[in-house]
Amino acid sequence: MSVKKDPSGHRTVQVEVEVPGTPEEVWAAIATGPGISSWFVPTEFEIRDGKPVAVKLNFGPGMESSSAITSWDPPRKFTAQGEGWGGSPPIADEWTVEARSGGICVVRVVHSLFADTDDWDNQLEGTESGWPGFFRILKIYLTHFRGQRSALMQWMAPAAGTEAEAWEKLTAALGVQGASGGQRFAAPAGVPALSGVVEHVTHKPFNALLRLDKPGPGTAALGTVSFGGATMVTLSFYLYGDQAAATATRETPLWEAWIQEHFPTPTE
């Protein structure tokens, strides 16, 4: 992965993924609030006079990002521009949907900015490296749950030890320790209802994607990360179908209790 530069100072990174669906179906997943919320983070589009003018992404409390829509050409392309990170120049995000044969489309995102130094290249590369994991969730969504309603349950909790040690503890507790893609799993007693098929596992970084049949149809993303010098475990449940919201309401307190038991928040 690397930043492409030209003499004018234009810097870009690009990531793409091949997904099933018609351009219209894929556009609904990457260019609407409910669609993006079903595989990324809670998202809303501001509509004015029947046309989107801004997109707002919610990464958590105090971590909201808003960008103005600068071009809109459904179901092919849209561009949004927002504030940079920590004083960087404004960043433009161009999303495109390109139809291929066989009911397949390519989704491509290009992040770009103008700068006369290399100061922001690491941030661009970090943004680039984060997309493959979310694009895997998008692909699962479009393959198995296309067009369905969604609800999100999401947590980040502190863990003792290294990322590898936290990963072993998390996966052992959930019954997926050592699991590989395609393997069925069911969480042991003492864990809220959790079962399905392992879709993807990596160990650098540590993360896994699980396609769920319990607590309901959906995808679970598990991971461990170093955040501000501390080791954290992350759990995100993307639930689908007409019962998704009800399932999230029912299961949220069960998972909150389980996380507090296994990865308690330190008391001062």
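Residues numbered from 1 in each chain as written. Predicted model: local features only at pLDDT ≥ 70, side-chain atom pairs only at ≥ 80, totals over all residues. Heavy atoms only, no water.

(A) The arrangement of the packing of aromatic side chains in detail. By the definition in use, this model includes 23 aromatic pairs. Arranged with centres 4.9 Å apart and planes meeting at 35°, the rings of Phe40 and Trp131 form a pair that is tilted. Of this pair, Phe40 sits in the loop between helix 2 (33-37) and strand 3 (43-48) while Trp131 is found in helix 3 (residues 121-144), placing the two residues 91 residues apart along the sequence. Ring pairs connect the aromatic residues Trp39, Phe40, Phe59, Trp95, Trp131, Phe134 and Phe135, which therefore count as one cluster. (Phe/Tyr/Trp six-rings, centres within 6.5 Å; stacked < 30°, edge-to-face > 60°. Helix = DSSP H or I, 4+ residues; strand = E, 2+ residues; numbered from the N terminus.)

(B) A look at helix 5 (residues 244-262). Over its 19 residues, helix 5 extends 25 Å from the first C-alpha to the last, a length consistent with the 27 Å expected when each residue adds 1.5 Å. The axis of helix 5 is deflected most strongly, by about 35°, at Glu251, and proline Pro253 appears within four residues downstream. When helix 5 is considered as a whole, its buried residues turn out to be Ala244, Thr247, Ala248, Glu251, Trp255, Trp258 and Ile259. The elements touched by buried residues of helix 5 are strand 9 (150-158), helix 4 (163-174) and strand 14 (230-240). (Expected span 1.5 Å × (residues − 1). Bend = angle between axes of the 7 residues up to and from the residue. Buried < 20%, exposed > 50% of the residue type's maximum accessible area, 1.4 Å probe, protein only. Contact = heavy atoms within 4.5 Å.)

(C) Region of the structure containing the pairing of strand 4 (residues 51-58). As paired elements, strand 3 and strand 4 share 6 bridges and run antiparallel to each other. Bridge assignment links Ile47 to a residue of strand 4, and that residue is Pro52. Linking two consecutive strands that pair antiparallel, namely strand 3 and strand 4, is a turn of 2 residues; a positive phi of about 55° is found at Asp49 within it. Pairing of strand 4 with strand 5 (residues 64-73) involves 5 bridges; the strand directions are antiparallel. (Pairing = 2+ DSSP bridges.)

(D) Structural context of unusual backbone geometry. The omega angle of the peptide bond from Pro74 to Pro75 is -5°, so this bond is cis rather than trans. With respect to the helices, strands and loops of the structure, Pro75 is situated in the loop between strand 5 and strand 6 (77-82). Of the consecutive residues Lys214 and Pro215, the connecting peptide bond is found in the cis state with omega at 10°. Mapping Pro215 onto the fold places it in the loop between strand 12 (206-214) and strand 13 (218-227). In this model, Asp49 sits at a positive phi of 55°, which is unusual for a non-glycine residue. Within the element layout of this structure, Asp49 appears in the loop between strand 3 and strand 4.

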